[in-house]
Amino acid sequence: MRKRTLFRLAAGTATIGAATLAYASLVERNMFTLRRYDVPVLPADSEPLRVLHLSDLHMMPDQARKQRWVASLAALDPDLVVVTGDNMAHPDSVPGVLRAMQPLLDYPGAFVFGSNDYTGPVLKNPFTYFLPDREYTEGAELPYEELRQVFTGAGWADLNNARTTLKAGGRQIDLVGVDDPHIDRDDYPSVAGEVSSSADLSIALSHSPEPRVLDQMAADRFGLLLAGHTHGGQVCVPGYGALVTNCGLPRSMARGLHRWPGSDSWLHVSAGLGTHPTAPIRFACPPEASILTLIPR
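Since the model is a prediction, treat every value here as computed from it, not as a measurement. (Residues numbered from 1 in each chain as written. Predicted model: local features only at pLDDT ≥ 70, side-chain atom pairs only at ≥ 80, totals over all residues. Heavy atoms only, no water.)

S.K.: Give a detailed account of the layout of surface pockets, specifying residues and quantitative values.
M.R.: Within this model, the second largest pocket holds a volume of roughly 420 Å³. Taken together, 20 residues form the lining of the second largest pocket, with Ser202, Arg221, Phe222, Gly223 and Arg297 sitting closest to its centre. Of the residues in the lining of the second largest pocket, the class split is nine nonpolar, five polar and six charged. (1 Å grid on protein atoms, 1.4 Å probe; cavity = no way out; pocket = protein on both sides within 12 Å on 5 of 7 lines; lining within 4 Å. Points joined across faces, edges and corners; volume = space filled by probe spheres on them. Nonpolar A, V, L, I, M, F, W, Y, C, P; charged D, E, K, R; others polar.)

S.K.: For the packing of helix α2 (residues 64-72) against helix α3 (residues 94-101), give the residues involved together with the corresponding values.
M.R.: At their nearest, the axes of α2 and α3 sit 7 Å apart, and the two run at 35° to each other. Where α2 abuts α3, its residues Gln67, Val70 and Ala71 lie against Gly96, Arg99, Ala100 and Met101. Taken together, the residues of the contact of α2 with α3 sort by class into four nonpolar, two polar and one charged. (Axes fitted to C-alpha atoms, helices over the stretch in contact; angles between N-to-C directions. Helix = DSSP H or I, 4+ residues; strand = E, 2+ residues; numbered from the N terminus. Contact = heavy atoms within 4.5 Å.)

S.K.: Describe the sheet that holds strand β14 (residues 288-296), listing the residues and the values that go with them.
M.R.: A sheet is described by the order of its strands in space; here six strands give the open sequence β1-β14-β2-β3-β4-β5, paired in mixed fashion. Sheet topology places β1 (33-42) and β5 (157-158) at the edges, where each strand pairs with a single neighbour. By the bridge criterion, nine bridges tie β1 to β14 in an arrangement that is parallel. Each residue of the ladder has a partner; that of Tyr37, found in β14, is Leu292. (Pairing = 2+ DSSP bridges.)

S.K.: Describe the packing of aromatic side chains, with residues and values.
M.R.: Taken as a whole and assessed by the stated rule, the structure comprises six aromatic pairs. Taken together, a centroid distance of 4.8 Å and an interplanar angle of 65° make the contact between Tyr118 and Tyr144 edge-to-face. Placement of Tyr118 in helix α4 (residues 115-118) and of Tyr144 in helix α5 (residues 144-153) is noted, with a sequence separation of 26 residues between them. Looking at Tyr118, the relative accessible area reads 5%, which means it is buried. Exposure remark for Tyr144: the relative accessible area of 21% places this residue in the partly exposed category. Through pairs of rings, three or more aromatic residues link up here, namely Phe111, Phe113, Tyr118, Tyr144, Phe151 and Trp156. Over the aromatic face of Tyr118 sits the side chain of Arg185, whose NZ or CZ is 3.7 Å from the ring centroid. (Phe/Tyr/Trp six-rings, centres within 6.5 Å; stacked < 30°, edge-to-face > 60°. Buried < 20%, exposed > 50% of the residue type's maximum accessible area, 1.4 Å probe, protein only. Lys NZ or Arg CZ within 6 Å of the ring centre and 35° of its normal.)

S.K.: Explain the environment of Gly193 residue by residue, including any values.
M.R.: In this fold, Gly193 is placed in the loop between β7 (171-177) and β8 (201-205). Gly193 gets classed as partly exposed once you look at its relative accessible area, which sits at 24%. Excluding residues within four positions of it along the chain, Gly193 makes contact with Arg163, Tyr188, Asp220 and Phe222.

S.K.: Please set out the pattern of salt bridges residue by residue, giving values where relevant.
M.R.: Within the structure shown, the criterion is met by seven salt bridges. Of the charged contacts, one joins Glu288 and Arg35 as a salt bridge, the two residues approaching to 3.0 Å between their closest N and O atoms. Linking Glu288 in strand β14 with Arg35 in strand β1, this pair joins segments that are 253 residues apart in sequence. Classification of Glu288 as buried rests on a relative accessible area of 1%. (Salt bridge = Lys/Arg side-chain N within 4 Å of Asp/Glu carboxyl O.)

S.K.: Can you tell me about the state of the cysteines, naming the residues and giving the values?
M.R.: Tallied over the full model, the rule gives zero disulfides. Between Cys236, a free cysteine, and Cys285, which holds the nearest cysteine sulfur, the sulfur-to-sulfur gap is 4.2 Å. (Disulfide = S-S within 2.5 Å.)

S.K.: Please give an account of the sheet that holds strand β6 (residues 162-168) that cites residues and values.
M.R.: Sheets are built from strands paired through backbone hydrogen bonds, the pairs being either parallel or antiparallel. As summarised here, the arrangement of the six strands in space is β6-β7-β8-β9-β13-β12, forming an open sheet in which the pairing is mixed. The open sheet has two free edges, formed respectively by β6 and β12 (256-259), since each of these has just one partner strand. Between one strand and the next, the sheet's axes are offset by a mean angle of 25°, whatever the strand orientation. As paired strands, strand β9 (residues 224-227) and strand β13 (residues 266-269) are joined by four bridges and run parallel to one another. Opposite Leu224, over in β13, you have Trp266 as the bridge partner.

Okay, structure coming up:
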(Lines give C-alpha, C1' and ligand atoms only; values in the text may rest on other atoms or scores of the structure.)
Protein backbone atom coordinates (compact mmCIF):
# COMPACT_ATOMS: atom_id res chain seq x y z
CA MET A 1 0.00 0.00 0.00
CA ARG A 2 2.81 2.41 0.92
CA LYS A 3 4.68 1.69 -2.33
CA ARG A 4 1.47 2.20 -4.31
CA THR A 5 0.88 5.57 -2.62
CA LEU A 6 4.44 6.68 -3.31
CA PHE A 7 4.11 5.63 -6.93
CA ARG A 8 0.90 7.61 -7.31
CA LEU A 9 2.49 10.67 -5.73
CA ALA A 10 5.49 10.40 -8.05
CA ALA A 11 3.26 9.94 -11.09
CA GLY A 12 1.10 12.89 -10.06
CA THR A 13 4.14 15.11 -9.53
CA ALA A 14 5.55 14.12 -12.92
CA THR A 15 2.22 14.87 -14.60
CA ILE A 16 1.97 18.29 -12.96
CA GLY A 17 5.57 19.02 -13.90
CA ALA A 18 5.01 18.05 -17.52
CA ALA A 19 1.83 20.13 -17.72
CA THR A 20 3.58 23.13 -16.20
CA LEU A 21 6.46 22.82 -18.65
CA ALA A 22 4.06 22.54 -21.56
CA TYR A 23 2.18 25.64 -20.40
CA ALA A 24 5.39 27.63 -19.86
CA SER A 25 6.87 26.69 -23.23
CA LEU A 26 3.79 26.59 -25.48
CA VAL A 27 1.36 29.06 -23.92
CA GLU A 28 2.79 31.69 -21.60
CA ARG A 29 5.87 32.55 -23.61
CA ASN A 30 3.52 33.57 -26.44
CA MET A 31 1.11 35.56 -24.21
CA PHE A 32 2.39 38.96 -25.32
CA THR A 33 1.15 41.58 -22.88
CA LEU A 34 1.02 45.37 -22.91
CA ARG A 35 1.74 46.99 -19.54
CA ARG A 36 0.67 50.56 -18.81
CA TYR A 37 2.24 52.87 -16.24
CA ASP A 38 1.86 56.53 -15.34
CA VAL A 39 5.23 58.07 -14.47
CA PRO A 40 5.27 61.48 -12.70
CA VAL A 41 8.40 63.08 -14.19
CA LEU A 42 7.12 66.13 -16.09
CA PRO A 43 6.93 69.75 -14.90
CA ALA A 44 3.62 71.00 -13.57
CA ASP A 45 0.89 71.72 -16.16
CA SER A 46 2.68 69.65 -18.84
CA GLU A 47 0.73 67.61 -21.35
CA PRO A 48 1.31 63.83 -21.02
CA LEU A 49 3.93 62.19 -23.24
CA ARG A 50 3.79 58.52 -24.22
CA VAL A 51 6.92 56.36 -24.34
CA LEU A 52 6.82 52.82 -25.76
CA HIS A 53 9.51 50.72 -24.07
CA LEU A 54 10.62 47.51 -25.81
CA SER A 55 13.35 45.14 -24.70
CA ASP A 56 14.76 41.65 -25.07
CA LEU A 57 13.01 40.51 -28.23
CA HIS A 58 15.62 37.72 -28.67
CA MET A 59 14.18 37.42 -32.16
CA MET A 60 14.47 34.19 -34.10
CA PRO A 61 13.85 34.33 -37.87
CA ASP A 62 10.63 32.28 -37.73
CA GLN A 63 8.86 34.06 -34.86
CA ALA A 64 6.12 35.57 -37.01
CA ARG A 65 3.61 35.88 -34.16
CA LYS A 66 5.97 38.01 -32.12
CA GLN A 67 6.84 40.11 -35.16
CA ARG A 68 3.17 40.81 -35.90
CA TRP A 69 2.42 41.68 -32.28
CA VAL A 70 5.30 44.14 -31.98
CA ALA A 71 4.39 45.74 -35.32
CA SER A 72 0.82 46.20 -34.08
CA LEU A 73 2.06 48.45 -31.26
CA ALA A 74 2.35 51.28 -33.77
CA ALA A 75 -1.42 51.65 -33.30
CA LEU A 76 -0.63 53.10 -29.85
CA ASP A 77 0.79 56.16 -31.62
CA PRO A 78 3.64 56.72 -29.12
CA ASP A 79 5.53 60.00 -28.92
CA LEU A 80 8.83 58.14 -28.45
CA VAL A 81 10.03 54.54 -28.86
CA VAL A 82 12.86 53.28 -26.65
CA VAL A 83 14.59 49.91 -27.17
CA THR A 84 16.91 48.58 -24.46
CA GLY A 85 18.71 45.79 -26.26
CA ASP A 86 18.97 42.04 -26.85
CA ASN A 87 17.03 42.27 -30.09
CA MET A 88 18.57 39.21 -31.77
CA ALA A 89 19.06 35.52 -31.09
CA HIS A 90 20.30 34.25 -34.46
CA PRO A 91 22.66 35.40 -37.24
CA ASP A 92 19.63 35.75 -39.55
CA SER A 93 17.54 37.77 -37.08
CA VAL A 94 17.76 41.22 -38.66
CA PRO A 95 14.94 40.72 -41.22
CA GLY A 96 12.63 39.51 -38.43
CA VAL A 97 13.54 42.44 -36.20
CA LEU A 98 12.89 44.78 -39.11
CA ARG A 99 9.46 43.24 -39.79
CA ALA A 100 8.59 43.78 -36.13
CA MET A 101 9.98 47.31 -35.88
CA GLN A 102 9.21 48.71 -39.33
CA PRO A 103 5.95 50.51 -38.38
CA LEU A 104 7.62 51.93 -35.25
CA LEU A 105 10.57 53.39 -37.14
CA ASP A 106 8.34 56.25 -38.27
CA TYR A 107 8.35 57.57 -34.69
CA PRO A 108 11.22 59.28 -32.83
CA GLY A 109 13.33 56.61 -31.17
CA ALA A 110 16.45 55.74 -29.21
CA PHE A 111 18.25 52.49 -28.46
CA VAL A 112 21.10 50.73 -26.70
CA PHE A 113 22.41 47.23 -27.34
CA GLY A 114 22.63 44.21 -25.07
CA SER A 115 25.06 41.33 -25.05
CA ASN A 116 22.82 39.28 -27.34
CA ASP A 117 22.98 41.92 -30.02
CA TYR A 118 26.71 41.28 -30.29
CA THR A 119 26.94 37.50 -29.88
CA GLY A 120 24.44 34.70 -30.07
CA PRO A 121 23.23 32.42 -27.30
CA VAL A 122 24.98 29.25 -26.20
CA LEU A 123 23.60 26.25 -24.35
CA LYS A 124 24.08 26.67 -20.63
CA ASN A 125 22.96 25.20 -17.33
CA PRO A 126 20.10 27.47 -16.11
CA PHE A 127 21.16 26.95 -12.50
CA THR A 128 24.34 28.95 -13.20
CA TYR A 129 22.16 32.09 -13.15
CA PHE A 130 22.18 31.74 -9.36
CA LEU A 131 25.97 32.15 -9.34
CA PRO A 132 26.89 35.84 -8.97
CA ASP A 133 30.34 35.46 -10.52
CA ARG A 134 29.58 33.02 -13.30
CA GLU A 135 31.72 33.31 -16.41
CA TYR A 136 30.07 34.88 -19.44
CA THR A 137 30.28 32.66 -22.54
CA GLU A 138 30.03 34.17 -26.02
CA GLY A 139 28.36 32.55 -28.98
CA ALA A 140 28.63 33.34 -32.69
CA GLU A 141 28.96 36.98 -33.69
CA LEU A 142 25.67 38.60 -34.66
CA PRO A 143 25.15 41.29 -37.35
CA TYR A 144 24.89 44.15 -34.85
CA GLU A 145 26.27 46.75 -37.26
CA GLU A 146 23.55 45.87 -39.75
CA LEU A 147 20.95 46.30 -37.02
CA ARG A 148 22.53 49.58 -35.93
CA GLN A 149 22.21 50.87 -39.50
CA VAL A 150 18.52 49.92 -39.57
CA PHE A 151 17.85 51.96 -36.43
CA THR A 152 20.07 54.95 -37.16
CA GLY A 153 18.91 55.00 -40.79
CA ALA A 154 15.41 55.66 -39.44
CA GLY A 155 16.77 58.57 -37.43
CA TRP A 156 16.84 56.79 -34.07
CA ALA A 157 19.47 57.91 -31.56
CA ASP A 158 22.27 55.42 -30.89
CA LEU A 159 22.91 55.82 -27.14
CA ASN A 160 25.61 53.19 -26.68
CA ASN A 161 27.91 55.29 -24.47
CA ALA A 162 26.43 58.41 -26.03
CA ARG A 163 24.32 61.42 -25.21
CA THR A 164 22.00 63.57 -27.26
CA THR A 165 18.87 65.67 -27.24
CA LEU A 166 15.87 65.09 -29.44
CA LYS A 167 12.39 66.47 -29.83
CA ALA A 168 9.39 64.21 -29.33
CA GLY A 169 5.83 65.04 -28.51
CA GLY A 170 6.70 68.72 -28.73
CA ARG A 171 9.22 68.37 -25.88
CA GLN A 172 12.99 68.65 -25.76
CA ILE A 173 14.40 65.44 -24.22
CA ASP A 174 17.88 65.03 -22.75
CA LEU A 175 18.92 61.42 -23.46
CA VAL A 176 21.90 59.40 -22.30
CA GLY A 177 22.78 55.72 -22.55
CA VAL A 178 25.49 53.14 -22.01
CA ASP A 179 26.52 50.03 -23.86
CA ASP A 180 25.75 46.82 -21.99
CA PRO A 181 27.16 46.76 -18.42
CA HIS A 182 26.53 43.00 -18.28
CA ILE A 183 29.59 42.48 -20.46
CA ASP A 184 31.50 45.55 -19.23
CA ARG A 185 30.96 47.64 -22.37
CA ASP A 186 29.59 50.59 -20.40
CA ASP A 187 31.46 53.90 -20.10
CA TYR A 188 29.15 56.28 -18.31
CA PRO A 189 31.93 58.70 -17.22
CA SER A 190 32.46 59.57 -20.90
CA VAL A 191 28.89 60.91 -21.16
CA ALA A 192 28.19 61.93 -17.56
CA GLY A 193 26.88 65.32 -16.51
CA GLU A 194 23.79 66.86 -15.02
CA VAL A 195 20.63 67.12 -17.06
CA SER A 196 20.40 70.20 -19.26
CA SER A 197 18.37 72.99 -17.68
CA SER A 198 16.74 73.62 -21.06
CA ALA A 199 15.35 70.08 -21.33
CA ASP A 200 11.68 69.40 -20.67
CA LEU A 201 12.49 65.90 -19.45
CA SER A 202 15.38 63.45 -19.24
CA ILE A 203 15.69 59.72 -19.92
CA ALA A 204 18.63 57.35 -19.38
CA LEU A 205 19.04 53.90 -20.98
CA SER A 206 20.97 50.77 -20.05
CA HIS A 207 20.37 47.20 -21.13
CA SER A 208 21.36 45.62 -17.83
CA PRO A 209 20.07 47.58 -14.79
CA GLU A 210 23.31 47.47 -12.85
CA PRO A 211 23.06 49.62 -9.70
CA ARG A 212 26.57 51.02 -10.21
CA VAL A 213 25.37 52.57 -13.49
CA LEU A 214 21.88 53.56 -12.33
CA ASP A 215 23.34 55.34 -9.29
CA GLN A 216 25.42 57.57 -11.57
CA MET A 217 22.49 58.31 -13.86
CA ALA A 218 20.28 59.20 -10.90
CA ALA A 219 23.04 61.38 -9.43
CA ASP A 220 22.99 63.35 -12.69
CA ARG A 221 19.24 63.85 -12.10
CA PHE A 222 17.91 61.83 -15.03
CA GLY A 223 14.23 61.54 -14.25
CA LEU A 224 13.46 58.22 -15.94
CA LEU A 225 15.82 55.24 -16.11
CA LEU A 226 14.94 52.46 -18.58
CA ALA A 227 16.42 48.96 -18.72
CA GLY A 228 15.67 45.34 -19.59
CA HIS A 229 17.87 42.22 -19.34
CA THR A 230 16.21 40.57 -16.33
CA HIS A 231 13.30 39.00 -18.27
CA GLY A 232 11.42 39.81 -15.05
CA GLY A 233 12.98 36.63 -13.68
CA GLN A 234 11.51 34.64 -16.61
CA VAL A 235 10.50 31.81 -14.28
CA CYS A 236 8.77 33.24 -11.22
CA VAL A 237 6.99 31.82 -8.20
CA PRO A 238 3.44 33.13 -7.78
CA GLY A 239 3.25 35.23 -4.63
CA TYR A 240 7.06 35.34 -4.38
CA GLY A 241 8.26 36.75 -7.68
CA ALA A 242 11.56 36.45 -9.50
CA LEU A 243 14.10 33.91 -8.31
CA VAL A 244 17.02 35.73 -9.93
CA THR A 245 17.71 38.95 -11.90
CA ASN A 246 21.04 37.98 -13.55
CA CYS A 247 22.51 41.32 -12.38
CA GLY A 248 23.01 43.37 -9.23
CA LEU A 249 19.39 44.54 -9.11
CA PRO A 250 17.30 43.26 -6.18
CA ARG A 251 14.69 40.61 -7.03
CA SER A 252 11.92 42.96 -5.88
CA MET A 253 12.78 45.29 -8.77
CA ALA A 254 13.10 42.62 -11.46
CA ARG A 255 10.32 44.22 -13.52
CA GLY A 256 7.95 47.15 -13.49
CA LEU A 257 8.14 50.71 -12.21
CA HIS A 258 10.05 51.64 -9.05
CA ARG A 259 11.47 54.72 -7.43
CA TRP A 260 15.27 54.44 -7.55
CA PRO A 261 16.52 54.47 -3.93
CA GLY A 262 17.99 57.72 -2.63
CA SER A 263 16.92 59.79 -5.62
CA ASP A 264 14.02 61.46 -7.39
CA SER A 265 14.46 59.15 -10.40
CA TRP A 266 12.06 56.46 -11.55
CA LEU A 267 13.28 53.10 -12.89
CA HIS A 268 11.28 51.00 -15.32
CA VAL A 269 12.59 47.49 -15.99
CA SER A 270 10.93 45.67 -18.86
CA ALA A 271 10.44 41.92 -18.49
CA GLY A 272 11.01 41.79 -22.24
CA LEU A 273 9.38 39.98 -25.12
CA GLY A 274 11.59 36.94 -25.63
CA THR A 275 13.51 34.14 -23.99
CA HIS A 276 16.92 32.59 -24.32
CA PRO A 277 16.47 30.16 -27.27
CA THR A 278 17.90 27.27 -25.24
CA ALA A 279 15.35 27.91 -22.46
CA PRO A 280 12.15 28.87 -24.31
CA ILE A 281 9.87 29.03 -21.28
CA ARG A 282 8.17 31.64 -19.13
CA PHE A 283 6.18 31.05 -15.98
CA ALA A 284 4.23 33.65 -13.97
CA CYS A 285 6.05 36.26 -16.07
CA PRO A 286 4.53 36.69 -19.56
CA PRO A 287 6.44 38.53 -22.28
CA GLU A 288 5.68 42.24 -22.32
CA ALA A 289 6.06 45.69 -23.77
CA SER A 290 5.20 48.82 -21.80
CA ILE A 291 3.57 52.11 -22.62
CA LEU A 292 4.77 54.70 -20.13
CA THR A 293 2.58 57.78 -19.90
CA LEU A 294 4.75 60.55 -18.53
CA ILE A 295 2.68 62.97 -16.43
CA PRO A 296 3.37 66.00 -14.20
CA ARG A 297 5.01 65.38 -10.84
